[in-house]
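Summary of structural features
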Amino acid sequence: MDINKTAGMPRIVIIGGGFAGINLAKKLKNKPVEVLMLDKHNYHTFQPLLYQVAMGAIEADSIGFPVRRIFTNQKNFAFNLAEVKTINPEKNTITADIGEIAYDYLVIATGANTNFFGNKEIEHYTMPMKNISEALNIRSFMLQNLEKAVVTTDQKEKDALMTFVVVGGGPTGVELSGALAEMRNKVLCKDYPSLCEEDMRVYLVEGKPVVLGAMSATASAAAKAGLLKMGVTIYNGVHVQSYNGCELKIDDGTVIETRNVFWAAGVMGEMPEGLTNGTITNGKRILVDEINRVQGYQNIFAIGDVSAMITTERPNGIPGMAQGAIQTGQHLAKNLMHIINGEPTVPFKYWDKGSLATIGQNKAVADIWKLHFHGFFAWLLWMFVHLMSLMGFSNKLSVLVSWASKYLTRNTDNRLIVRFFNTETRMTDPVSK
Ligand SMILES: Cc1cc2nc3c(=O)[nH]c(=O)nc-3n(C[C@H](O)[C@H](O)[C@H](O)COP(=O)(O)OP(=O)(O)OC[C@H]3O[C@@H](n4cnc5c(N)ncnc54)[C@H](O)[C@@H]3O)c2cc1C
């Protein structure tokens, strides 16, 4: 399939090979349509395990899977590595860095990016974690700072290098702060004999009065108790005001001197330009109707994290989780075929399968329908679900082996500084520090 549309079957162009885009394209297998997927990465990322890459617990490659490999046996599918810059609805085309591409139906499945709420200083100095590169940046940055802490003779600087702050107490923040505490408790003294556990501090800062606010009260209380037991200091009901690379100021007057701030406090839709302003709602998401059609357009759709299907039942839209993306993608495939065949469409209904979050080894929380449980069984369930959801047999095996090794040795093997993170330019640098 060429990027220039050929006459014949209707062409569906999908921007984004995340959970939403992949599941939509798979459901269009053997249907009389041309499917063209564009993504700025040539792989699909399993974001729920990014924090384990950041902490050196698993290999980076094991949470990515090449898009072309997923669709080897799908004849009506083509992929191009491309970043889409603009949508041109009046011409039914999109403009990407590889050229202009025509569509009959366009599906925006571009996901979400980190929201720094317009604060440029925070954006510059804190570390986000939305993709594999950013997770690897965190890994390098954290390990570089520990190496600096080993050699510095300035006690104040050593304290700042060994103070870790995670901002945002959702699942990502809870998992990241738990993993940092685990590293302090189990790995630090073994690998860095001159540093001691008491020197490393882990803070979690969350604006809501609880952590894991979107989960049940049981889950959030168990997560908080678990983190406190592991030695994480939690600030609830407060907001970060500023961070200049050294001092983190919180709105209750607290100032934390730290060189390590990880930002997991918010997300916003990521999308190319070109849609009219009225179609964008809070969280910079695209307003869609009950069949994921973008409001005001006939042949443009949005699915997954970038979309907002606001209903009376769900005034904030479908939760920004893998299940929402998978289900909207699969359902849209059916509706696109209905539209193409001139049949009535079927409104989307979200099936909430539950939520899981891990706090550390042997500790997780789970809300499955009306059941709430935590501890070892929730942890086993968390591992099983994540392992099964990973794409590719070799990825599953690689993660399983890393987890087994971590369980048995109480240590992790992927703590490599492959590329230095340059703290001035905030970019990775193959040669200098
Ligand atoms: C750290 C982290 C932990 C998470 N943990 C969980 C969890 O435990 N459980 C859970 O259910 N959910 C979790 N989520 C949320 C879940 O990963 C998302 O809800 C899901 O990935 C959304 O799928 P999507 O297809 O909408 O977007 P994504 O998976 O983000 O995919 C979007 C794709 O679009 C591509 N793209 C973006 N812009 C362009 C462009 N202009 N041109 C070309 N390509 C573009 C991107 O490269 C990407 O491949 C987590 C997310 C993060 C970041």
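Now for a quick tour of the structure. (Residues numbered from 1 in each chain as written. Predicted model: local features only at pLDDT ≥ 70, side-chain atom pairs only at ≥ 80, totals over all residues. Heavy atoms only, no water.)

Remark: the centre distance and the inter-plane angle together describe each pair of aromatic rings, the angle taken between the planes. What the rule picks out here adds up to 11 aromatic pairs. Ring geometry for Phe19 and Phe46: centres 5.9 Å apart, planes at 70°, overall edge-to-face. Of this pair, Phe19 sits in helix α1 (residues 19-27) while Phe46 sits in the loop between β3 (43-45) and α2 (50-54), and the two are 27 residues apart along the sequence. Within the aromatic cluster, the residues linked to one another by ring pairs are Phe376, Trp379 and Tyr407. (Phe/Tyr/Trp six-rings, centres within 6.5 Å; stacked < 30°, edge-to-face > 60°. Helix = DSSP H or I, 4+ residues; strand = E, 2+ residues; numbered from the N terminus.)

A separate point is the sheet that holds strand β17 (residues 260-263). As summarised here, the arrangement of the four strands in space is β13-β12-β11-β17, forming an open sheet in which the pairing is parallel. The open sheet has two free edges, formed respectively by β13 (232-236) and β17, since each of these has just one partner strand. The average angle at which neighbouring strand axes cross in this sheet is 20°, direction not considered. Taken together, the four bridges between strand β11 (residues 163-167) and β17 define a ladder with parallel strand orientation. Looking across to β17, one finds that Val167 is bridged to Trp263. Lying on the sheet, helix α5 (residues 132-151) is in contact with β11 and β17; it crosses β17 at an angle near 165°. (Pairing = 2+ DSSP bridges. Axes fitted to C-alpha atoms, helices over the stretch in contact; angles between N-to-C directions. Contact = heavy atoms within 4.5 Å.)

When two helices pack together, their arrangement is captured by the angle between the axes and the distance separating the axes. For the pair helix α11 (residues 376-389) and helix α12 (residues 393-409), interaxial distance at closest approach is 9 Å and the crossing angle is 150°. It follows that α11 is roughly antiparallel to α12 by the angle criterion. Here Trp379, Trp382, Met383, His386, Leu387 and Met388 of α11 come into contact with α12, specifically with Lys396, Val399, Leu400, Trp403 and Tyr407. Within the contact of α11 with α12, the residues separate by chemical class into nine nonpolar, one polar and one charged. (Parallel < 35°, antiparallel > 145°, perpendicular 65-115°, else oblique. Nonpolar A, V, L, I, M, F, W, Y, C, P; charged D, E, K, R; others polar.)

Right, let's get into empty space enclosed by the protein. Counted according to the given criterion, the structure contains one cavity of 30 Å³ or more. As for the largest cavity, its lining consists of Asn292, Gly304, Asp305, Ser307, Ala308, Met309, Ile318, Pro319, Met321, Gly324, Ala325 and Thr328. Mapped by element, the contributors of at least two residues to the lining of the largest cavity are β22 (307-308) and α10 (322-340). When residues in the lining of the largest cavity are grouped by element, the largest group, three residues, is from α10. The residue makeup of the lining of the largest cavity, split by class, is six nonpolar, five polar and one charged. (1 Å grid on protein atoms, 1.4 Å probe; cavity = no way out; pocket = protein on both sides within 12 Å on 5 of 7 lines; lining within 4 Å. Points joined across faces, edges and corners; volume = space filled by probe spheres on them.)

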